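Examination of the molecular architecture
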Amino acid sequence: MTERITRRKALKIGTAAAVGAAIAPHASSSEQPNFTEPDGAIMPVPAQAAPSATPESEICFMSARQMADLTRLKKLSAREVMQAHLKQIQHVNAKVNAIVTLVPEDQLMAQALAADEATAKGNSKGLLHGLPVGVKDLHATKGIRTTFGSPLYAENIPNFDCLVAEREKNAGAIVIGKTNVPEWGLGSQTFNPLFGATRNPYDLTKTCGGSTGGGAVALACGMVPLADGSDMGGSLRNPPNFCNVVGLRTSPGRVPNPPSAHGWLTLSVAGPVARSVADCAFFLSVLAGFDRRSPISIDQSGSQFSQSLAGRSFKGVRVAMFKDMGLPWEAEVREAVQAQRKVFESMGCIVEEAEPDFSDANECFVGWRHWSVEAQFGDMLGANSSKLNEYVHWHVEEGRKLTGPYLARLDAKRTALYERMRAFMEKYEFFILPVNQVLPFDVKMHYPTEIAGVKMENYIAWMKSAYYISTAGNPAISVPCAFSSSGLPIGIQIGGRHNDDWGVLQMAYAFEQATNIGKRRPSVL
């Protein structure tokens with residue numbers, strides 16, 4: 001279900017929906033949202049753009065980089081691009097429920113016209129000039145509803161952009177709308193009381209994962225060429241894994257995204273989702289870069305990621321293939337990833353079965369997650385108990401039990417984990433493992449309660465193979481690698497050395513070129 005925000009509706013919105021200052025740790029902004037009407041009216045433009053030699057369906061599945069190049073060269077207009085994606089949204093979105101707030105068509109076409117006029121004058125704004133972008137509904141967007149999937153913010157229209165949205169717009173992108181998320185971004189199954197569930201385009205009875213579920217589905221269905229996201233426990237990796245697209249968990253500080261009340265927190269990061277590794281890197285070149293408003297911002301330009309990923313030799317590169325990490329697995333997931341060993345060997349890699357010591361990773365992640373959610377929602381809970389879901393209640397309750405001495409010891413354990421991971425990655429440049437432990441499950445199920453007969457202790461326990469990597473702090477990417485016997489996507493997770501996002505992208509690109517699994521389109525189309 002896609003809701004369009006009209007100017008009339010926006011003018012009626014007041015501050016009644018604002019009940020607190022916080023959004024979930026999966027989100028990047030935690031200041032209290034400001035409420036205002038959208039930007040000034042934009043002149044309507046004719047719905048029809050000039051005839052194009054490129055079929056609309058081809059435009060929608062063109063690579064973002066190629067789309068940007070053709071637009072810059074005036075071989076494809078921004079209006080044609082926008083019109084094609086709007087038509088695709090109209091055709092597919094009702095089936096999957098990926099885009100939950102769509103900017104009015106007249107405003108989008110006006111922005112596309114302005115982009116074309118700028119191009120005609122030689123004033124291209126940036127790398128994403130005229131391209132539509134889907135923005136996660138946890139990311140504040142000026143003049144566009146941002147709900148966090150919560151009834152408390154059902155009518156929230158911020159008067160500012162978070163840095164991710166700001167950088168997208170500065171690069172010339174046109175925000176087409178907001179993509180669906182779990183309520184408050186909590187959990188890796190995309191459903192909420194405002195918009196319902198987002199469905200897997202390869203099987204509408206299955207989940208798309210989360211929390212960047214709407215973005216991954218919109219990409220898989222050709223509704224956007226690029227989508228942004230965020231990741232604490234796997235949210236930039238699990239949805240791409242379930243939807244046959246690509247998502248990169250960036251190194252902490254690689255994509256700063258202020259405003260944030262907890263600028264030193266390294267568990268949650270922002271990053272790109274795309275249909276290919278090359279497009280993921282292309283998008284990262286816009287999103288990444290230093291910003292003084294983030295105390296952990298990496299002082300490197302994002303421009304490095306616009307370079308070609310091709311050409312690196314992986315001959316002799318040492319790669320570790322996971323064994324079992326002491327976790328339960330659905331057999332098809334484990335076997336599909338382990339079968340990729342031959343692909344890495346064909347690239348010249350030296351592949352060995354090995355894995356880091358992840359002792360204390362679970363305790364560290366869950367403990368700091370409790371702490372961060374309590375910090376976000378503790379003050380809200382009293383007045384809004386019935387309007388906050390069970391996950392928030394659990395985290396806040398557990399977070400209030402934490403003591404200073406315990407958190408200090410938890411920090412020491414996480415530091416020791418980092419040191420073990422660093423030493424392991426000195427020997428192996430890449431660590432290969434599944435993104436998570438199960439195939440896409442029933443969309444009506446909130447989370448898997450057991451895996452291979454092992455009971456899951458809470459709603460995120462089935463994601464340990466993703467959040468162990470988050471806890472260690474390494475960059476990691478999800479790339480399509482296989483399909484199950486029932487036709488469900490399976491992704492492979494490639495982890496790299498500390499801050500080596502570029503190396504991870506290079507390896508992922510080489511793997512993608514060797515397999516081409518990501519070219520298979522969803523059955524819903």
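Below is a summary of the structure that appears in this document.

Conventions adopted
Residues numbered from 1 in each chain as written. Predicted model: local features only at pLDDT ≥ 70, side-chain atom pairs only at ≥ 80, totals over all residues. Heavy atoms only, no water. Helix = DSSP H or I, 4+ residues; strand = E, 2+ residues; numbered from the N terminus. Buried < 20%, exposed > 50% of the residue type's maximum accessible area, 1.4 Å probe, protein only. Contact = heavy atoms within 4.5 Å. Axes fitted to C-alpha atoms, helices over the stretch in contact; angles between N-to-C directions. Parallel < 35°, antiparallel > 145°, perpendicular 65-115°, else oblique. Nonpolar A, V, L, I, M, F, W, Y, C, P; charged D, E, K, R; others polar. Core = buried A, V, L, I, M, F, W, Y, C linked by side-chain atoms within 4.5 Å.

Below, the discussion takes up the overall build of the protein. Check the secondary structure of the protein and you find 16 helices and 18 strands. A burial count over the protein gives 62% of its 525 residues as buried. If you take every contact in the protein between residues at least 6 apart in sequence, the share linking residues at least 24 apart comes to 77%.

This brings us to the packing of helix H12 (residues 361–381) against helix H15 (residues 464–472). Pairs of packed helices are described in terms of their axes, by the angle between the two and the distance that separates them. Running from N to C, H12 and H15 cross one another at 80 degrees; their axes reach a closest spacing of 9 Å. The angle between H12 and H15 places the two elements in the roughly perpendicular class. Of the residues in H15, those touching H12 at Ala-361, Asn-362, Cys-364, Phe-365 and Val-366 are Lys-464, Tyr-467, Tyr-468 and Thr-471. In the contact of H12 with H15, the residues fall into six nonpolar, two polar and one charged.

Secondary-structure assignment places Met-62 in the loop between helix H2 (56–60) and helix H3 (64–72). Spatially, the C-alpha atoms of Met-62 and Pro-225 are 7.7 Å apart, while their sequence positions differ by 163 residues. Discounting residues that sit within four places of it in the chain, Met-62 has contacts with Thr-54, Met-67, Leu-70, Leu-76 and Arg-275.

Within soluble globular proteins, side chains that are nonpolar generally end up buried alongside one another. Ranked by size, the top nonpolar core spans 156 residues in total, and within it Trp-184, Phe-344, Phe-431, Ile-477 and Ile-494 carry the most contacts. With nine residues, H12 is the single largest residue contributor to this core. Not counting chain neighbours up to four residues away, the residues in contact with Phe-344 comprise Cys-349, Val-351, Ile-432, Ile-492, Ile-494, Met-507 and Phe-511.

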